[in-house]
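Analysis of the macromolecular model
As a plain string of letters, each chain reads:
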Amino acid sequence: MLNPELHLNPHALLPTVEKVPTRNGYGDGLVELGKENPDIFVLTGDLAESTRAHLFQKAYPERFIECGVAEQNMMGVAAGLAFAGKIPFVSSYAVFVPGRNWDQLRVSVCYGNANVKVAGAHSGISVGPDGATHQALEDIAITRVLPNIVVVVPCDYEETRKCTHALATHVGPAYFRFAREKTPTITTKDTPFQIGKTDVYREGKDVTIAACGPLLHEALLAAEELTKYDIEAEVLNCHTLKPFDEDTLAASVKKTGACVTVEEHQIIGGLHGAVAETLGRREPAPIEAIGMQNTFGESGEPEELLAKYGMKAKDIVAAAKKAIARKS
Amino acid sequence: MAKGGTSVAELERVANTIRQDIIESLVEAKSGHSAGPLGMADVFTALYFKIANISPETRGDANRDRIVLSNAHICPVLYATLANRGYFPREELKTLRKLGSRLQGHSNNHAQPDIPIETSGGPLGQGLSQALGFAIASRENTRRGDQPSWHTWALLSDGELDEGQTWEAIMMAGKLNLRELTIFVDRNNIQIDGFTEDIMPLEPLADKFRAFNWSVIAIDGHNIRQIIEAADQARAIAENPTVVICHTIPGKGVGFMENRFEWHGKPPSPEEAKVALAELRTFAGHIVSEHE
């Protein structure tokens, strides 16, 4: 069962669960922040509505900066604003930001330790019909490798809203990503969220399922399914990829002895990378990886794509059994 | 040396000293760029000693002018200028590019909180965008009232005008009529692989800026009076941002380096440095006794 201490949505695993896009949590969070703090700025590169930055634009037009389709300049402008004491949120699609302007993120922002918040919308394979060019599947890898930055992948609307607030308070560069589609509501207003702290959403003893982003919901469904096979899975919400909560992961895998990672991202360099790096050093154990297996995506409906690329609950169930079977 | 109390003749002497310090720090470092720093010594002197509202007596002042060096490979001139301006001892210039030094091979903003190096540079084309950020922040502060405000100055090379990001920033500054921003472009006509008009032609450069809604002033970048007058004019222009196209001679002051692009990216040997320093110390025929 879901961890009762975390005040999770009691309907989270029902077919009737309410679904909201995570990007809406960003838009609403920005408007709340804009009211609280006159130093909050929001920038976009011709993608105000689909990143939900337009909500801030309507409320605080004087602190909204439309940069046009020029992402490299946008990242630099944000760095300058940050050095001048402002807190800029750079809003675009994750394939462009940080895809198009990684060098600016590296030098102007991260090397200079600028207090810039980078918001990558339309991440993951579930972007759907737009196809491979617009499905960001590498953004975690290319941000996580940079010194000074914080990387967060929130799992639902409410966590994205909380994350937007938390990153505004955190001093230093940060990257967080959202999904395009409506995804299940897992958390509530009362669920704790702290940058850098992995939460145990479901306790178990046989296998650890480390997930991030909206696929956390599939991980929780898989854990329920696994009980039919007398397997108790422990499910971790690894929302913060950097700094990665190594202690919580290592403690869980010490108990379970096997691990499955779940992410809408290439398994190279993302959550699987972070988990493998950690366990290799601290708690060696079999690991199976759910995610993009070193291929580009393609056009299709989100659910079709998640099924084709093996990111559904049934795939996680199979991976968990495989990981358990590999225990020595 | 106090801001505003400096004559053109005094500034010319300072620029000469800065050139000597550039040579001495480069020969010590055994790597680095020679031509660009020497070519921009007069602009840096005028900007940091006369034009910009900055002072080592009021370090960290929230109202200080913000100066962004985009082509940070010419940082030996930045370091020599800041040392001569009194921000740190000139002796420290000899640590350029050495392990543990805050005078990194490309200047950064985080190693020296009390020195007005506002950004980190190196990869070309990133500085102007950050200057826009400073200028926009100052504009918003002015709108809010009771907040610090400043003029933003940026220093760019002509070679880095090849970068698309630079033109993204030029376009946006024009859109915003960003009068709070003035840039100096070092029009020395060279880049690493050769002359700019051979590598990637920039002309008609002034027309290009005008087409992007900028005011353009073209000057002799070695004439201190012209540099100061251009800056005064730029600050007075209320309609849009200003570019001061500074026509300079790469390697200026050292005869065997002048106008030769092979001096873009290398330091003088100890023997070459002796020749260079001897030439600089005659200072147009006058002996500068403090350096003898």
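These figures come from a predicted structure and were not determined experimentally.

1. Remarks on the overall build of chain A
Along its length, chain A carries 11 helices and 14 strands. In terms of C-alpha radius of gyration, chain A reaches 19 Å, essentially the compact-globule figure of 20 Å for 328 residues. In terms of its C-alpha atoms, chain A occupies a principal-axis envelope of roughly 60 × 40 × 40 Å. Here chain A holds 328 residues, and the buried ones make up 61% of them. Sequence separation of 24 or more characterises 80% of the internal contacts of chain A that already satisfy a separation of 6 or more.

2. Here we look at the sheet that holds strand E3 (residues 181-187) of chain B
Residue and element names in this part refer to chain B. One open sheet holds the 5 strands; their spatial order is E1-E2-E3-E7-E6, and the pairing between them is parallel. Since the sheet does not close on itself, it has two edges, and those belong to strand E1 (66-69) and strand E6 (215-220), each with one partner. Strand-to-strand, the axes of this sheet are offset by a mean angle of 20 degrees, without reference to chain direction. The pairing of E1 with strand E2 (residues 152-157) spans 4 bridges and is parallel. Across the sheet, the residue bridging to Ile67 is Trp153, located in E2. Along the sheet, helix H5 (residues 127-144) makes contact with E1, E2 and E3, crossing E2 at roughly 170 degrees.

3. Structural notes on the confidence of the model for chain B
Here chain B averages 94 in pLDDT, and 95% of its residues register 70 or above. Note on the complex model: pTM 0.96, ipTM 0.96.

4. Quick word on the interface of chain A and chain B
Across the boundary between the two partners, chain A contributes 25 residues, which contact 25 residues of chain B. Examining the composition of the side of chain A that touches chain B, we find that 9 residues originate from one element, helix H3 (residues 71-83) of chain A, more than from any other. Its residues assigned to classes, the side of chain A that touches chain B comprises 12 nonpolar, 9 polar and 4 charged.

5. Considering the environment of B:Gly127
All names here are of chain B. Here Gly127 shows up in helix H5. Overall, the presence of 31 C-beta atoms within 10 Å leaves Gly127 in the buried class. Sequence separation between Gly127 and Ile67 is 60 residues, and the spatial gap between their C-alpha atoms is 9.9 Å. Apart from the residues within four sequence positions on either side, Gly127 is in contact with Val68, Leu69, Ser70, Thr119, Gly121, Ala154 and Leu156.

6. Brief notes about the nonpolar core
Counting residues in hydrophobic clusters, the biggest one holds 191 residues, and the most contacted among them are A:Ile209, A:Ala211, A:Ala219, A:Cys259, A:Ala320 and B:Leu132. Beyond its immediate sequence surroundings of up to four residues, A:Ala211 is in contact with A:Leu216, A:Ala219, A:Val235, A:Leu236, A:Asn237, A:Cys238 and A:Val262.

7. Structural notes on the packing of helix H3 (residues 41-51) of chain B against helix H4 (residues 75-85) of chain B
All names here are of chain B. For the pair H3 and H4, the least separation of the axes is 10 Å and the interaxial angle reads 40 degrees. Our classification of the angle between H3 and H4 gives oblique. Viewed along their axes, H3 and H4 form a crossing whose handedness is right-handed. From H3, Ala41, Phe44, Thr45, Tyr48 and Phe49 reach across to H4, where they touch Val77, Leu78, Thr81 and Arg85. Residues belonging to the contact of H3 with H4 are distributed by class as follows: 6 nonpolar, 2 polar and 1 charged.

8. Concerning the pairing of strand E7 (residues 242-247) of chain B
All names here are of chain B. Within E7, 5 of the 6 residues are buried, which leaves the element mostly enclosed by the surrounding structure. Relative to E7, E3 runs parallel, the two being bridged by 6 bridges. Within E7, the position partnered with Phe184 by the bridge is Val244. Inspection of the sheet shows E6 paired to E7 by 6 bridges, in the parallel sense. The residue of E7 that forms the bridge with Ile219 is Cys246.

Calculation criteria
- Residue indices begin from 1 for each chain and proceed along its sequence in written order.
- Ligands are numbered from 1 and chains lettered from A, in the order in which they are written.
- Local features in this predicted model are restricted to residues of pLDDT 70 or higher, and side-chain atom pairs are both shown and tallied only at a pLDDT of 80 or more, whereas totals for entire chains, interfaces and linings draw on every residue.
- The numbering of helices and of strands both runs from the N terminus, where a helix is a DSSP run of H or I of at least 4 residues and a strand a run of E of at least 2.
- The size measure is the radius of gyration over C-alpha atoms, and the globule rule it meets is 2.2 Å times the number of residues to the 0.38 power.
- Exposure criterion: with C-beta atoms placed from backbone coordinates, a residue whose C-beta has 20 or more other C-beta atoms within 10 Å is buried, one with 12 or fewer is exposed, and one in between is partly exposed.
- Residues are treated as contacting if the C-beta atoms built from their backbones sit within 7 Å of each other.
- If DSSP finds at least two bridges between two strands, the strands pair.
- Throughout, an axis means a line fitted to C-alpha atoms (over the contacting stretch in the case of helices), and angles, computed between N-to-C directions, take values from 0 to 180 degrees.
- In predicted models, pLDDT denotes the confidence assigned by the predictor to each residue on a 0 to 100 scale.
- Classification convention: Asp, Glu, Lys, Arg as charged; Ala, Val, Leu, Ile, Met, Phe, Trp, Tyr, Cys, Pro as nonpolar; all other residues, Gly among them, as polar.
- Think of a nonpolar core as buried Ala, Val, Leu, Ile, Met, Phe, Trp, Tyr and Cys residues chained together by C-beta atoms that fall within 7 Å.
- Every angle not falling under 35 degrees, over 145, or within 65 to 115 is termed oblique; those three ranges are roughly parallel, roughly antiparallel and roughly perpendicular.
- Two helices crossing with the near one rotated counterclockwise from the far one by less than a right angle form a left-handed crossing, whereas a clockwise rotation gives a right-handed crossing.

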